[in-house]
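# An overview of the molecular structure
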Amino acid sequence: MKNDPLLQPYRLKHLTLRNRIITTSHEPAYPEDGMPKKLYRAYHVERAKAGVAMTMTAGSAAISRDSPPVFNNILAYKDEVVGWMKDLTDECHEHGAAVMIQLTHLGRRTRWDKGDWLPVVSPSHNQEPAHRAFPKQLEQWDIDRIIRDYADAAERMKAAGLDGIELQAYGHLMDQFWSPLTNELEGPYGGSLQNRLRFTFDVLTAIRKRVGPEFIVGIRYTGDEVLAGGLQKEEGLQISQLLKDSGMIDFLNVIRGNIATDAGLTDIIPIQGMRNAPHLDFAGEIKTLTGFPTFHAAKIPDVATARHAIASGLVDMVGMTRAHMTDPHIVRKIIEGREDDIRPCVGANYCLDRIYNAGAAYCIHNAATGRETTMPHEIPKAVQKRKVVIIGAGPGGLEAARVAGERGHEVVVYELADKPGGQIRLTAQSERRKEMISIIDWRMAQCERLGVRFHFNTWADTAIVLDENADVVIVATGGMPHTEVLEHGNQFLVSSWDIISGDVKPGRNVLVYDDAGDHAGLQAAEFIARSGAKTEIMTPDRSFAPEVMGMNLVPYMRALQHLDTTFTVTYRLKAVEKQGDQLLATIGTDYSDLTKTRLVDQVVVNHGTRPLDELYFDLKPLASNEGALEYMDLIVGKPQTVVSNPEGRFQLFRIGDAVASRNTHAAIYDALRLVKDL
């Protein structure tokens, strides 16, 4: 391990970082009242304890009141932030990790109807597509006060004991000055590249006057907007050199692309199905050019890619940020020679898409992330060994088996199919979502290590369950597609699962009716469109595929638009009837009594699932709790003690889609918070 490039220390100015792995600035949206309180601190401390060299807090901490966060960010313009940041920093320092924070003014990347309802400001009136606000063009007094705000915020962070700060300059105010697309100012802050950089250097000068020359100051910036008319690579390289030569910057954290649209954001931060580390070589170019400390992060999900980044000299510090949301103990496992035990990031981007939908960041298959104050990343052993029988080897069932095994219980799993995976195995049939199968593969490897016994190709009925003499039975049988959605003609419908699995061949003229709004509808539509069929996706919703969310929607839209797919919103499929060798679809709307018809040869429905719960209801009379949960005990992390049937032979629970149609994360969270206390 002494020769592992990732485990070598790195000297940044006066600061020694203990290895080469960091989590780059990101905002998981855990603050309370804009402050990094208990949960926020616990999230970062978990990663510090496990060996990360530096945790970079607060993607986009707001330095001004007219930079209101569009989701739950740290408010760096408040003096009270100092105490909270000091608590976080001190605890991370106790575990050997450095701490920095990213400071920013969002410029036009926010909305005027957030926070104090102040006008959005930018160096032009040009609207940002993502947030749709039309900004006020900055006046000199705006520039002067924002420069002061940057300096004030930096001074607060130094007072809190942080090791340094990072300024944000991709898509935010600072690089809105840089880009010809967003800077229409005249005079000292507009026109030439030197003028467009003046605001940045004025900010740096003001910050250095407050924090002195020794405090570490870096910048995360775009070196190429990859936009026609925008900041080009040649100017980005010049900016990199000028930042270094200023003497006011200590490291460069390199990004390539733009975030003004969902598509641009997704290219900067690629998701599953997109290639790993797409901008790493570009970061290497900047490091070679400047010879300056260079950081980078963009879909570096595994240790092999990170090790290559350092060993090849492309960067000095490598960011594994989403990977650490999936497994906060990456560094510890590298040190202990347990790389095979690292829970893999599958690029599902449930974390970021939830943030941009005004939710907190959760990992699709680590339900402890973002819940560090209530959920364990490492499962403690149970006081008493019990026998746990689990029906179903989908993501929820396998998580239940893994956690029960970690608790030290005897665990037996029954699965009707010949392989584990449930809906994940179906999902992974799509080329762009094949990484999802790692959710299953990792859990199977963990279960094998823990001695979990599996019975595949087995229909578990009441007799089989009773023969096991279990203490606890968990039904994780999932659900089956629900297609009984019409006033009449349901017999003519095909489910999205039928298409994805290949059980039903796509027609030639296909209507995909999607009112679940999740991945299955889009996966089926893409499969159909790729077959050469004329494809229309229809939803009664006012927005398209809302459960898929922004960044995950991008690859689907790119594919479906190129395949000439028709997208129809706000219309509801009412009925289908046979008309010769075709189907006549009757279509209505929730907004009026308008009715239309459409002739197609296939109707595919995506309407969620209904629970496969027959076994659960057969077992209820035999269970001591008759299937009941005490929700408050579940929420606060106490064992389940409900006894409504003293003659019952076992405790009985059901999880995941065996309860109701939800998603992978819900099934895994059900399993973790129930089984961790068995």
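Scoring rules and cut-offs
Residues numbered from 1 in each chain as written. Predicted model: local features only at pLDDT ≥ 70, side-chain atom pairs only at ≥ 80, totals over all residues. Heavy atoms only, no water. UniProt positions renumbered as here; feature names shortened; annotations may be inferred. Helix = DSSP H or I, 4+ residues; strand = E, 2+ residues; numbered from the N terminus. Rg over C-alpha atoms; globule rule 2.2 N^0.38 Å. Buried < 20%, exposed > 50% of the residue type's maximum accessible area, 1.4 Å probe, protein only. Contact = heavy atoms within 4.5 Å. Areas by Shrake-Rupley, 256 points an atom, 1.4 Å probe, with all protein chains shown as cover. Lys, Arg positive; Asp, Glu negative; His and termini not counted. Charge placed at Lys NZ, Arg CZ, Asp CG, Glu CD. Pairing = 2+ DSSP bridges. Axes fitted to C-alpha atoms, helices over the stretch in contact; angles between N-to-C directions. Salt bridge = Lys/Arg side-chain N within 4 Å of Asp/Glu carboxyl O. Parallel < 35°, antiparallel > 145°, perpendicular 65-115°, else oblique. Left-handed = near helix turned anticlockwise from the far one by under 90°. Nonpolar A, V, L, I, M, F, W, Y, C, P; charged D, E, K, R; others polar. Polar contact = N/O pair within 3.5 Å; in protein donor to acceptor, adjacent residues only side chain to side chain. Core = buried A, V, L, I, M, F, W, Y, C linked by side-chain atoms within 4.5 Å. Domains from an automatic or database assignment. Expected span 1.5 Å × (residues − 1). Buried area = accessible area lost by both parts, 1.4 Å probe.

Looking at an unreviewed UniProt entry, one finds the chain named N-methylproline demethylase and attributed to Pseudomonas putida. Taken verbatim from the UniProt record of the chain, the Sequence similarities (unreviewed entry) comment is "In the N-terminal section; belongs to the NADH:flavin oxidoreductase/NADH oxidase family."

This part is about the overall build of the chain. The helix and strand tally for the chain stands at 22 helices and 27 strands. Over its C-alpha atoms the chain spans a radius of gyration of 27 Å, differing by no more than 12% from the 26 Å that the globule rule assigns to 678 residues. Taken along the three principal axes of its C-alpha coordinates, the chain extends 75 × 65 × 45 Å. Here the chain holds 678 residues, and 61% of them are scored as buried. Of the contacts made within the chain by residues no fewer than 6 positions apart, 71% connect residues no fewer than 24 positions apart. If you sum the accessible surface of the chain, you get close to 26,300 Å²; carbon and sulfur atoms cover 49% of it. Charged side chains in the chain number 76 positive and 88 negative. The centres of these two groups are separated by 3 Å.

Once that is clear, we can look at the sheet that holds strand β22 (residues 572-579). With respect to topology, three strands assemble into an open sheet ordered β22-β23-β24, the strand pairing being antiparallel. Edge positions in the open sheet fall to β22 and β24 (592-600), since each of these has one partner strand only. For this sheet, the mean inter-axis angle between neighbouring strands, taken without regard to orientation, is 20°. Here seven bridges tie β22 to strand β23 (residues 582-589), and the two strands are oriented antiparallel to one another. Each bridged residue has a counterpart across the sheet, and for Glu-577 the counterpart in β23 is Leu-584.

Before going further, it helps to spend a moment on the pattern of salt bridges. Taken as a whole, this structure holds 44 salt bridges when the rule is applied. The closest approach of N and O atoms between Glu-372 and Arg-47, which form a salt bridge, is 3.2 Å. Placement of Glu-372 in the loop between α12 (350-356) and β13 (387-391) and of Arg-47 in helix α1 (residues 38-49) is noted, with a sequence separation of 325 residues between them. Using a relative accessible area of 12% as the deciding quantity, one classes Glu-372 as buried. The exposure class of Arg-47 is buried, given its relative accessible area of 1%. Between Arg-145 and Asp-66 there is a salt bridge, with the nearest N and O atoms lying 2.4 Å from each other. Taken together, the positions of Arg-145 in helix α3 (residues 140-159) and Asp-66 in the loop between β4 (54-62) and α2 (81-94) put the pair 79 residues apart, joining distant regions of the chain. One exposure class covers both Arg-145 and Asp-66, and it is buried.

To continue, consider the pairing of β23. In terms of burial, β23 is a largely internal element, six of the eight residues being buried. The turn linking β22 back onto β23 is made up of two residues, and Gly-580 within it adopts a positive phi angle of 65°. The pairing of β23 with β24 spans six bridges and is classified as antiparallel. The partner of Ala-585 across the bridge, within β24, is Arg-598. The hairpin turn running from β23 into β24, its antiparallel successor, is two residues long.

Okay, the UniProt feature "domain: NADH:flavin oxidoreductase/NADH oxidase N-terminal" (unreviewed entry) in the chain next. Summarizing the sequence annotation, UniProt attributes the feature "domain: NADH:flavin oxidoreductase/NADH oxidase N-terminal" (unreviewed entry) to residues 6-340 in the numbering used throughout. What you have in residues 6-340 is 37% helix and 16% strand, and the ends, taken at the C-alpha atoms, are 16 Å apart.

Okay, the environment of Thr-23 next. Within the secondary structure, Thr-23 sits in strand β3 (residues 21-23). Residues Thr-23 and Ala-297, 274 residues apart in the sequence, show an inter-C-alpha distance of 8.5 Å. Every residue in contact with Thr-23, bar those within four places of it in the chain, is listed here: Val-52, Met-54, Thr-55, Met-56, Met-320, Thr-321 and His-324.

Two elements in contact, helix α5 (residues 193-211) and helix α6 (residues 233-245), have axes whose closest approach is 12 Å; the angle formed by their N-to-C orientations is 45°. Accordingly, the angle class assigned to the pair α5 and α6 is oblique. The element α5 and its partner α6 pack so that their crossing is right-handed. Judged by residue contacts, Leu-193, Gln-194, Arg-196, Leu-197, Thr-200 and Phe-201 of α5 engage Glu-235, Gln-238, Ile-239, Leu-242 and Leu-243 from α6. When grouped by side-chain class, the residues that make up the contact of α5 with α6 number six nonpolar, three polar and two charged.

The next subject is the side chain of Asp-250. You can see Asp-250 is positioned in the loop between α6 and β10 (251-255). Engagement of the side chain of Asp-250 in a polar contact is seen with the side chain of Arg-208, the distance being 2.9 Å. Beyond its immediate stretch of four places on either side in the chain, Asp-250 contacts Leu-12, Lys-13, Arg-208, Phe-215, Ile-216, Val-217, Phe-292 and Pro-293.

Once that is clear, we can look at the nonpolar core. In terms of nonpolar packing, the biggest core is built from 147 residues, with Leu-103, Ile-165, Leu-167, Trp-178, Phe-199, Ile-219 and Ile-474 touching the most fellow members. Two domains each donate at least three residues to this core, and these are domain 1 (3-356) and domain 2 (385-478 + 609-674). Of all hydrophobic cores here, the second largest spans 23 residues; its members include Leu-426, Ile-499, Ala-524 and Val-604.

With that settled, the discussion passes to α1. Here α1 spans 16 Å end to end across twelve residues, near enough to the 16 Å set by a 1.5 Å rise per residue. The buried count for α1 comes to nine of twelve residues, which makes it a mostly enclosed element. Here α1 has its buried residues at Leu-39, Tyr-40, Arg-41, Tyr-43, His-44, Val-45, Glu-46, Arg-47 and Ala-48. Packing partners of the buried residues in α1 comprise β4, α2 and α10 (321-326). Looking one or two places after α1, you find Gly-51, whose phi comes out positive at around 110°.

Across the interface, helix α13 (residues 395-406) lies against helix α22 (residues 664-675) with an axial gap of 8 Å and an inter-helix angle of 25°. In this view, α13 runs roughly parallel relative to α22, as classed from their interaxial angle. Crossing of α13 against α22: the hand is right-handed. Facing α13, whose interface residues are Pro-395, Gly-396, Glu-399, Ala-400, Val-403 and Ala-404, α22 presents Thr-664, Ala-667, Ile-668, Ala-671, Leu-672 and Val-675. For the contact of α13 with α22, the residue count by class is nine nonpolar, two polar and one charged.

This chain's UniProt record puts "domain: FAD/NAD(P)-binding" (unreviewed entry) on residues 387-618. The span residues 387-618 shows a helical share of 31% and a strand share of 31%, and its end C-alpha atoms are spaced 20 Å apart.

What the domain assignment reports for the chain is domain 1 (3-356), domain 2 (385-478 + 609-674) and domain 3 (482-606). Across the boundary between the two partners, domain 1 contributes eleven residues, which contact 13 residues of domain 2. For the pairing of domain 1 and domain 2, the buried interface totals around 1,000 Å² over both sides, and the portion due to carbon and sulfur atoms is 49%. Looking at the side of domain 1 facing domain 2, the largest losses of area belong to Gln-272, Arg-343 and Val-346, adding up to 50% of the total buried there. Our count for the domain 1 to domain 2 interface comes out at one salt bridge. Between Lys-299 and Glu-435 there is a salt bridge, with the nearest N and O atoms lying 3.7 Å from each other. Counting every contact that joins domain 1 to domain 2 gives six residue pairs in polar contact (both at pLDDT 80 or more).

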